[in-house]
Protein chains: 2
Amino acid sequence: MLSAEIIAIGSELLTPEKTDTNGLWLTEKLNEFGIEVMLKTIVGDDEPRLLEVIKDALKRSDVVITTGGLGPTEDDITRQVSAKALGRELIYNEGLEAELRRRFQMMGREMPEINKRQAWVIEGAEVIANPNGSAPGIYFGSNECILVNLPGPPREMKPMFEQAVLPRLSERAGEIIVKRRILRVSGMGESAVDAVASPIYKTYENVRTAILFNKTEVEIHLYARYATEADADAVLAELSERLSSALGVAVFTTTGETMEEVVGRMLRERGETLSLAESCTGGLVSRRITEVPGSSEYFSEGAVTYSNEAKVRTLDVPEETLAAYGAVSAETAEAMAKGIRARAGTDHAVSITGIAGPGGGTEEKPVGTVFIGYAGPHGVRSIRLVLPGDRYLIRWRTSQAALDHLRRQMLKQASRDKL
Amino acid sequence: MLSAEIIAIGSELLTPEKTDTNGLWLTEKLNEFGIEVMLKTIVGDDEPRLLEVIKDALKRSDVVITTGGLGPTEDDITRQVSAKALGRELIYNEGLEAELRRRFQMMGREMPEINKRQAWVIEGAEVIANPNGSAPGIYFGSNECILVNLPGPPREMKPMFEQAVLPRLSERAGEIIVKRRILRVSGMGESAVDAVASPIYKTYENVRTAILFNKTEVEIHLYARYATEADADAVLAELSERLSSALGVAVFTTTGETMEEVVGRMLRERGETLSLAESCTGGLVSRRITEVPGSSEYFSEGAVTYSNEAKVRTLDVPEETLAAYGAVSAETAEAMAKGIRARAGTDHAVSITGIAGPGGGTEEKPVGTVFIGYAGPHGVRSIRLVLPGDRYLIRWRTSQAALDHLRRQMLKQASRDKL
């Protein structure tokens, strides 16, 4: 089994604000091929320390991956320090310079002279193209070691690793296959999920299970280690089937989809449409729905009606309803859903009104009080929730609850239609 | 100035799910006393690697802090490996054993025999009491180096560090104050910013500068180290003033605000209001504007008009405009801005229409083509951009460009009003 080290480079990663997230993602990818991460280092733009770290890593581990320090400025020293650690020269690559110039021209800009620094390549190494940025990566492989230099921004690093590094590493790594599957659960806490799930997953010796809580949902990660992909897949299919029948409707995906993808897929399969009316989430639910490519097939319109006037003007919420029950109420939520459904002429409509804080809470309706309205072919209804957290978390949790409410309404209708 | 290294110990920290959060907290505490963190390492319960890491750290840095690996099980090797790295013996501390036994008795339990492991102490080191757990910490200080072993759980580690480690370190560190300031720049690339900024910041010897690029903007972080807070503040004020006059209007904050906070502050100061009409950003701009507490003061309504019908219905975009120029055009963007401004009755209105991809691009209007419309007291206009990246990045960059366009329109109006 190959061992790996990950080195995150950049003085900003040694401040109290920034943390290295690339290391977690790289670990997951490497683990899938049975490559174990033995050490992670975070080091600044500091030549003697970086040189020592890379040299030590090359001595200890089979695969060394660095992220960061490939930009065009003087701070960016990964290229030259890596070459020094390997005892190799840097060679100027004219073709790469031409490539960089072309890239800038396409964006209608002239390449700044300092970007020529990015055309230096370690002798004997391969260049890894960067589709999302100017910094090229480097892959150096010899019989003794593998050294990979990737840029720091995740959006650049990830596709480069998947397209150019993984295929080369998997060839070296050989015979263990680790496959992963993610189940996502909405509307249950971490310990409640574990209480149901652990008696099941503990009987699987070759599957490692991790239960994680992110801001809006509980995730169950399953890693199966087998000699063949078919074996791993079969065990994962069986285990995730057992877990999802034990956990019931709270499991919204067994294949790692996001909530917006699940809801989008259901709408597309049913050939139905959606509109949204948001107050306290301020457009977050619309943004999540439209994050999915092709969402224009089922999403036609969203209204962000932040003021009362906008609720009356655009959603036909009766002024008397606002006056009698307030903007944050079941009655207003239901009127908002009815209003946007009538305006947009969709099958389903979801509305949100609530108090995201930090101000605006009362004894009767504290910060975190949210009403989610629904209007559909079988009528209008609403639910009330009180969600914990700060403004950011309350908004996120509200958006998740709204999408989950829509999902459950569609499931109910489907099971009713079957009868 | 003292330099520090942080070593997080534990194989669980090398899985894809767990990340070391102690390092960020420790960095913040150390920085406040002018102690700079030069390196962070994450290493498993793996003797040869841990020994090498601690030895290297002691050679390179003045202060070495480890977290984790102080429990009673065989996996917990921090004590013996630290002793070996220092070339010191472990000495059994009977008093500490008695202390541990008392602790267990107080909880009504007998101390398990394996917990005797926690009574071994490095020769010449001080024991740090742990009020929230069984694992004691260790403080070893000599003329050459300081090595501190703390337990991994944050609620045990943090009070031990604050009560026992910080006072000892601050005595050694002396009198340095470090203050930070962040400038943010929109509409310029990282290298273009550095080309203008570096001749200025390089003349400040006691200020460390880091230039960072996040998905939508460039950040300039300035860290000033001085003997007094007043000195640090004065230098930061001078330097950020010089940088922002060199970079011009592209600098949207010198105090670390987000773009949505800047735009919100400007609207509030002017007593003016905003409405939004979004197509390809699907609610992201509304969501950003409403992320700021109190945004209901200046933001009344947003329309997410994803379909052509919604653009006609809710924004009064003429069908002829859509037919003649298409939904992604300057004409449609301007009609959208005019439409939402008329509907919501606001001072300013911003609209967005574009192609976020992955589908929908043409030769004339490739993926990333975006029109931003503006309607305000002085009329209606629009700009065309072609933004790089995937769907996620195009949407984020578009949202930033739209907010920045609004900011620049307000600045223009302010300077026009002055004349």
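As the structure is a prediction and not an experimental result, all values here were calculated from the model.

### Quick look at the sheet that holds strand β1 (residues 3–9) of chain A
Pairing within the open sheet is mixed, and its twelve strands lie in the order β6(A)-β7(A)-β8(A)-β3(A)-β1(A)-β2(A)-β2(B)-β1(B)-β3(B)-β8(B)-β7(B)-β6(B). For this open sheet the edge positions go to β6 (126–128) of chain A together with β6 (126–128) of chain B, each flanked by a neighbour on one side alone. Each neighbouring strand pair of the sheet contributes to a mean axis angle of 15°, computed without reference to strand direction. With five bridges joining them, strand β2 (residues 36–43) of chain A and strand β2 (residues 36–43) of chain B adopt antiparallel strand pairing. Bridge assignment links K40(A) to a residue of β2(B), and that residue is I42(B).

### A look at the packing of helix α1 (residues 22–32) of chain A against helix α5 (residues 154–173) of chain A
Two numbers describe a pair of packed helices, the interaxial angle and the distance between the axes. Residues and elements named next belong to chain A. Between α1 and α5, the shortest axis-to-axis distance is 11 Å and the interhelical angle comes to 25°. With respect to α5, the axis of α1 lies roughly parallel. Between α1 and α5 the crossing geometry is right-handed. Within the contact between the two elements, α1 uses N22, W25, L26, K29 and L30 and α5 uses P154, M157, K158, F161, E162, L166 and L169. Residues of the contact of α1 with α5, tallied by class, amount to eight nonpolar, one polar and three charged.

### As for empty space enclosed by the protein
Sizing a probe to match a water molecule and rolling it over the atoms shows the empty space that remains. This model, assessed by the stated rule, comprises four cavities of 30 Å³ or more. Of the volumes computed, that of the largest cavity is approximately 120 Å³. Only β1 and β2 of chain A together with β2 of chain B provide two or more residues apiece to the lining of the largest cavity. Split by residue class, the lining of the largest cavity holds five nonpolar, three polar and four charged. Its boundaries defined by the atoms lining it, the second largest cavity holds a volume of some 90 Å³. Lining the second largest cavity, in full, are L39(A), T41(A), V53(A), D56(A), R60(A), L39(B), T41(B), V53(B), D56(B) and R60(B). Of all the secondary-structure elements, those providing two or more residues to the lining of the second largest cavity are β2 and α2 (47–60) of chain A together with β2 and α2 (47–60) of chain B. Looking at the lining of the second largest cavity, its residues break down into four nonpolar, two polar and four charged.

### With respect to the domain arrangement of chain A
Residue and element names in this part refer to chain A. For chain A, the assigned domains are domain 1 (3–173), domain 2 (177–253) and domain 3 (259–418). Using only C-alpha atoms to locate each centre, domain 1 and domain 2 end up separated by 34 Å. With four residues of domain 1 at the contact, the number on the domain 2 side is four residues. Approximately 400 Å² of surface area, both sides summed, lies buried where domain 1 meets domain 2, with 44% of it carried by carbon and sulfur atoms. Sorting the residues of domain 1 by area buried against domain 2 places E28, N31 and E32 first, and these three jointly supply 87% of that buried surface. Linking domain 1 to domain 2 there are one salt bridge. For R180, the salt bridge is made with E28, and the minimal N-O distance between the two is 2.4 Å. Across the domain 1-domain 2 interface, the total number found is two residue pairs in polar contact (both at pLDDT 80 or more). Of the residues belonging to the side of domain 1 that touches domain 2, the class tally is no nonpolar, two polar and two charged.

### Some points on the pattern of salt bridges
Residue and element names in this part refer to chain A. This structure, assessed with the given rule, holds 56 salt bridges over all chains. Residue R265 pairs with E257 through a salt bridge whose shortest N-O separation is 2.8 Å. One salt bridge connects E291 with R287, and the closest N-O pair in it is separated by 3.1 Å. Taking the relative accessible area as the measure of exposure, R287 reaches 8% and is therefore buried. Beyond isolated ion pairs, a larger network of salt bridges with shared partners links E97, R101, E113 and K116.

### Regarding the packing of α2(A) against helix α3 (residues 78–86) of chain A
Residue and element names in this part refer to chain A. For the pair α2 and α3, the least separation of the axes is 9 Å and the interaxial angle reads 50°. Classed by the angle they form, the pair α2 and α3 counts as oblique. Crossing of α2 against α3: the hand is right-handed. Only T78, V81, S82, K84, A85 and L86 of α3 make contact with α2, whose side of the interface consists of E47, L50, L51, I54, K55 and L58. Considering only residue class, the contact of α2 with α3 consists of seven nonpolar, two polar and three charged.

### Topic: unusual backbone geometry
All names here are of chain A. With an omega of 0°, the peptide bond between G357 and P358 qualifies as cis. By the element assignment, P358 lies in the loop between β15 (348–354) and β16 (369–376). Residues other than glycine seldom take positive phi values, yet D316 does so here, at roughly 55°. Here D316 is to be found in the loop between α10 (308–315) and α11 (319–325). On the basis of relative accessibility, which here comes to 64%, the residue D316 falls in the exposed class.

### Here's the deal with the interface of chain A and chain B
How big an interface is tends to be reported as the loss of accessible area on association of its parts. Facing the 75 residues of chain A at the interface are 72 residues of chain B. It is R49(A), R155(A) and R287(A) in chain A that bury the most area against chain B; as a group they hold 11% of the surface buried on that side. Inspection of the region where chain A meets chain B yields nine salt bridges. Notably, a salt bridge pairs R208(A) with E17(B), separated by 3.4 Å at the nearest N-O pair. Between the two partners, chain A and chain B, sit 39 residue pairs in polar contact (both at pLDDT 80 or more). A class-by-class count of the residues in the side of chain A that touches chain B yields 29 nonpolar, 23 polar and 23 charged. Relative to strand β14 (residues 299–305) of chain B, strand β14 (residues 299–305) of chain A is paired through five bridges, and the arrangement is antiparallel. Bridging across to β14(B), A303(A) finds its partner in A303(B).

### Description of the pairing of strand β10 (residues 207–213) of chain B
For β10(B), the tally of buried residues reaches five of seven residues, placing the bulk of the element in the interior. The antiparallel pairing of β10(B) with strand β11 (residues 218–226) of chain B creates a hairpin that spans four residues between the two strands.

### Observations concerning the sheet that holds strand β17 (residues 379–386) of chain A
The strand order across the open sheet formed by ten strands is β17(A)-β16(A)-β15(A)-β13(A)-β14(A)-β14(B)-β13(B)-β15(B)-β16(B)-β17(B), and the pairing between neighbours is mixed. Taken across any chain shown, the strands that pair with only one partner, and hence form the sheet edges, are β17 of chain A together with β17 (379–386) of chain B. For this sheet, the mean inter-axis angle between neighbouring strands, taken without regard to orientation, is 10°. Relative to β14(B), strand β13 (residues 274–278) of chain B runs parallel, the two being bridged by five bridges. Bridging from a neighbouring strand, A277(B) pairs with A303(B) of β14(B).

### Focus on the confidence of the model for chain A
Of all residues in chain A, 99% have pLDDT values of 70 or greater, and the mean over the chain is 93. Two summary scores accompany this predicted model of the complex, namely pTM at 0.78 and ipTM at 0.76.

### Remarks on helix α10 (residues 308–315) of chain B
Every buried residue of α10(B) is listed here: A310(B), K311(B), T314(B) and L315(B). Projected down its long axis, α10(B) shows its buried positions confined to an angular sector of 105°, all on one face. As for α10(B), its buried residues are in contact with β14 and α12 (330–344) of chain A together with β13, β14, α11 (319–325) and α12 (330–344) of chain B. The positive-phi residue at the C-terminal boundary of α10(B) is D316(B), with phi of around 55°.

### Examining the side chain of T346(A)
Residue and element names in this part refer to chain A. Within the secondary structure, T346 sits in the loop between α12 and β15. Residue classification places T346 among the buried residues on the basis of a relative accessible area of 6%. Here the side chain of T346 touches H348 through a polar contact of 2.9 Å, landing on its backbone oxygen. What T346 contacts, discounting residues up to four positions off in sequence, is T273, L274, S275, S300 and R341.

Parameters at a glance
Residues numbered from 1 in each chain as written. Chains lettered and ligands numbered in written order. Predicted model: local features only at pLDDT ≥ 70, side-chain atom pairs only at ≥ 80, totals over all residues. Heavy atoms only, no water. Pairing = 2+ DSSP bridges. Helix = DSSP H or I, 4+ residues; strand = E, 2+ residues; numbered from the N terminus. Axes fitted to C-alpha atoms, helices over the stretch in contact; angles between N-to-C directions. Parallel < 35°, antiparallel > 145°, perpendicular 65-115°, else oblique. Left-handed = near helix turned anticlockwise from the far one by under 90°. Contact = heavy atoms within 4.5 Å. Nonpolar A, V, L, I, M, F, W, Y, C, P; charged D, E, K, R; others polar. 1 Å grid on protein atoms, 1.4 Å probe; cavity = no way out; pocket = protein on both sides within 12 Å on 5 of 7 lines; lining within 4 Å. Points joined across faces, edges and corners; volume = space filled by probe spheres on them. Domains from an automatic or database assignment. Buried area = accessible area lost by both parts, 1.4 Å probe. Salt bridge = Lys/Arg side-chain N within 4 Å of Asp/Glu carboxyl O. Polar contact = N/O pair within 3.5 Å; in protein donor to acceptor, adjacent residues only side chain to side chain. Buried < 20%, exposed > 50% of the residue type's maximum accessible area, 1.4 Å probe, protein only. pLDDT = per-residue confidence, 0-100. Arc of directions from axis to C-beta.

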